[in-house]
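Each chain, written out:
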Amino acid sequence: MTSLILALVIGAAFGAVLDRVGASNPDLIGKMLNLTNLNLAKTIILAIGVGSILMFGGQMLGLVDVGHMSVKSAYIGVILGGVLLGAGWAAAGYCPGTGVVAAASGRKDALFFIAGGLLGAAAYMVTYPMWEASGLLDPVLGGSVTLGKVPGSEYDALTGLPGDILGICIGLAFVAVAFALPERLVATPSGRQQPAE
Amino acid sequence: MALNWKTGGLLLGLVFFAAVLLVKPIGVSTQFVILDGIIGDAVNADLVTQTEDGYASTNAYLDKSGGKYAKSVANPLNYSFVFVLAMALGGFLSVWARGGLTRAERSVPALWRANFGESPAKRYAAAFVGGFVVLYGARLAGGCTSGHMMSGMMQTAVSGYLFALGAFGAAVPVALMMYKKEVSA
């Protein structure tokens with residue numbers, strides 16, 4: 001029961017914040033990905049940095065349970081799947097989480113995104129044995145690993161560096177990148193039309 | 001309009017931290033599989049069955065890792081599934097509190113309209129195909145923007161960096177090709 005209340009509270013907070021930062025707005029996703037407005041990228045990069053610093057800092061102070069970490073396996077399919085997701089994300093302007101938020105906010109195109117998503121997930125369920133047999137789901141780089149060894153964690157590490165201190169350093173680097181990133185990476189168009197690349 | 005990136009990034013980071021402090025890192029895309037399983041099991045009751053030590057499925061994907069997805073299909077009132085339902089509720093309340101969306105925003109977004117015209121059918125078709133590709137890819141990768149990119153990189157998971165490399169490596173060129181015309185604001 002407690003876990004369901006937490007699911008309601010944290011889930012609702014996540015949905016509301018995704019709306020307020022503009023992540024469920026396909027216009028802002030498109031402008032981020034065509035590099036004309038990086039405010040959303042700065043938001044996400046800052047969030048990852050803040051999350052890292054608080055989580056690893058909390059672990060070092062003994063306030064955060066290291067056992068709550070959940071590190072996914074690395075395999076070639078992660079990159080291939082990332083490429084597919086990236087292409088669809090750019091075309092539709094939604095990813096799974098923001099699609100749900102957008103549909104709930106009244107965007108009809110997001111309902112079509114979710115319908116397509118349910119069909120895509122079903123297609124994967126049916127074709128899963130083929131991927132498994134291909135070897136592309138076999139672990140690479142050690143599988144479920146972090147960059148450095150996190151004290152008290154069940155996960156192995158890619159390097160011998162201390163994972164918590166490294167995590168805070170990388171978190172700070174994400175914050176620095178969020179500040180350093182310009183608002184726009186491609187040239188401003190002189191007319192209505194953006195110049196050819 | 002969207003929050004300033006400093007405020008927004010701080011709030012989003014606090015939500016990620018709250019999730020890993022209180023329960024576990026945020027993830028979404030698995031729940032599309034769980035909903036598929038719930039629908040599939042309603043149509044064909046043999047899809048997920050209870051065994052002596054848990055749950056099993058005739059579908060190899062639902063059956064993997066000791067039937068953990070089959071278990072979630074059989075018990076939809078679990079943390080991860082309710083989390084995604086709550087995201088919809090939170091998003092709805094947030095949009096409602098700021099006055100809702102315009103009629104145009106609700107069918108064809110402005111950037112899409114500038115580049116591909118006003119036809120809702122064309123936009124809906126693209127969203128449907130995009131959704132198919134996104135979820136197929138997310139399941140192949142074992143996670144999506146939330147689970148791999150944000151939660152993964154937050155934990156310095158090697159898989160999270162690989163995913164981000166693939167995702168942005170494809171998303172930026174596709175967006176540069178598709179959205180050549182800009183819209184203001």
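Residues numbered from 1 in each chain as written. Chains lettered and ligands numbered in written order. Predicted model: local features only at pLDDT ≥ 70, side-chain atom pairs only at ≥ 80, totals over all residues. Heavy atoms only, no water.

### A few points about the pattern of salt bridges
All told, the structure shown has five salt bridges over all chains when counted by the stated rule. Among the salt bridges present, the one from D19 of chain A reaches R98 of chain B, with a minimum N-O distance of 2.5 Å. One end of the pair, D19 of chain A, is in helix 1 (residues 2–21); the other, R98 of chain B, is in the loop between helix 4 (79–97) and helix 5 (103–107), on a second chain. Here D19 of chain A falls in the buried class, since its relative accessible area comes to 5%. With a relative accessible area of 40%, R98 of chain B lands in the partly exposed category. Notably, a salt bridge pairs E182 of chain B with R184 of chain A, separated by 2.7 Å at the nearest N-O pair. Here E182 of chain B is found in the segment after helix 9 (158–178), whereas its partner R184 of chain A is found in the segment after helix 7 (163–180) on a different chain. A relative accessible area of 23% places E182 of chain B in the partly exposed class. (Salt bridge = Lys/Arg side-chain N within 4 Å of Asp/Glu carboxyl O. Helix = DSSP H or I, 4+ residues; strand = E, 2+ residues; numbered from the N terminus. Buried < 20%, exposed > 50% of the residue type's maximum accessible area, 1.4 Å probe, protein only.)

### Things to note about the interface of chain B and chain A
Listed by partner, the interface residues are 112 residues for chain B and 113 residues for chain A. By the criterion of area lost to chain A, the three top residues of chain B are W5, Y136 and L140 of chain B, representing 8% of everything that side buries. Between chain B and chain A we count four salt bridges in total. Of the charged contacts in the structure, one is a salt bridge between R107 of chain A and E105 of chain B, with a shortest N-O distance of 3.7 Å. Inspection of the region where chain B meets chain A yields 32 residue pairs in polar contact (both at pLDDT 80 or more). (Contact = heavy atoms within 4.5 Å. Buried area = accessible area lost by both parts, 1.4 Å probe. Polar contact = N/O pair within 3.5 Å; in protein donor to acceptor, adjacent residues only side chain to side chain.)

### A look at unusual backbone geometry
All names here are of chain B. Phi at S65 is positive, roughly 50°, even though this residue is not glycine. In this structure, S65 sits in helix 3 (residues 60–74). Look at T156: it is not a glycine, yet its phi comes out positive at around 55°. Take T156: it is sitting in the loop between helix 8 (145–154) and helix 9.

### A short note on the UniProt feature "transmembrane region" (unreviewed entry) in chain B
Here, the residues flagged by UniProt with the feature "transmembrane region" (unreviewed entry) are residues 79–101, 121–138 and 158–179 of chain B. Strand forms 0% of residues 158–179 of chain B and helix 95%; the C-alpha atoms that close the span are 31 Å apart. (UniProt positions renumbered as here; feature names shortened; annotations may be inferred.)

### So, a nonpolar patch on the surface
A contiguous nonpolar patch, built from M1, I5, L8 and V9 of chain A together with L89, F92, L93 and W96 of chain B and spanning about 880 Å² of accessible area, is present on the exposed surface. Broken down by element, the residue count for the nonpolar patch peaks at four residues, all from helix 4 of chain B. (Patch = residues over 30% accessible without salt bridge, like charges linked within 9 Å, V, L, I, M, F, W, Y side chains within 5 Å. Areas by Shrake-Rupley, 256 points an atom, 1.4 Å probe, with all protein chains shown as cover.)

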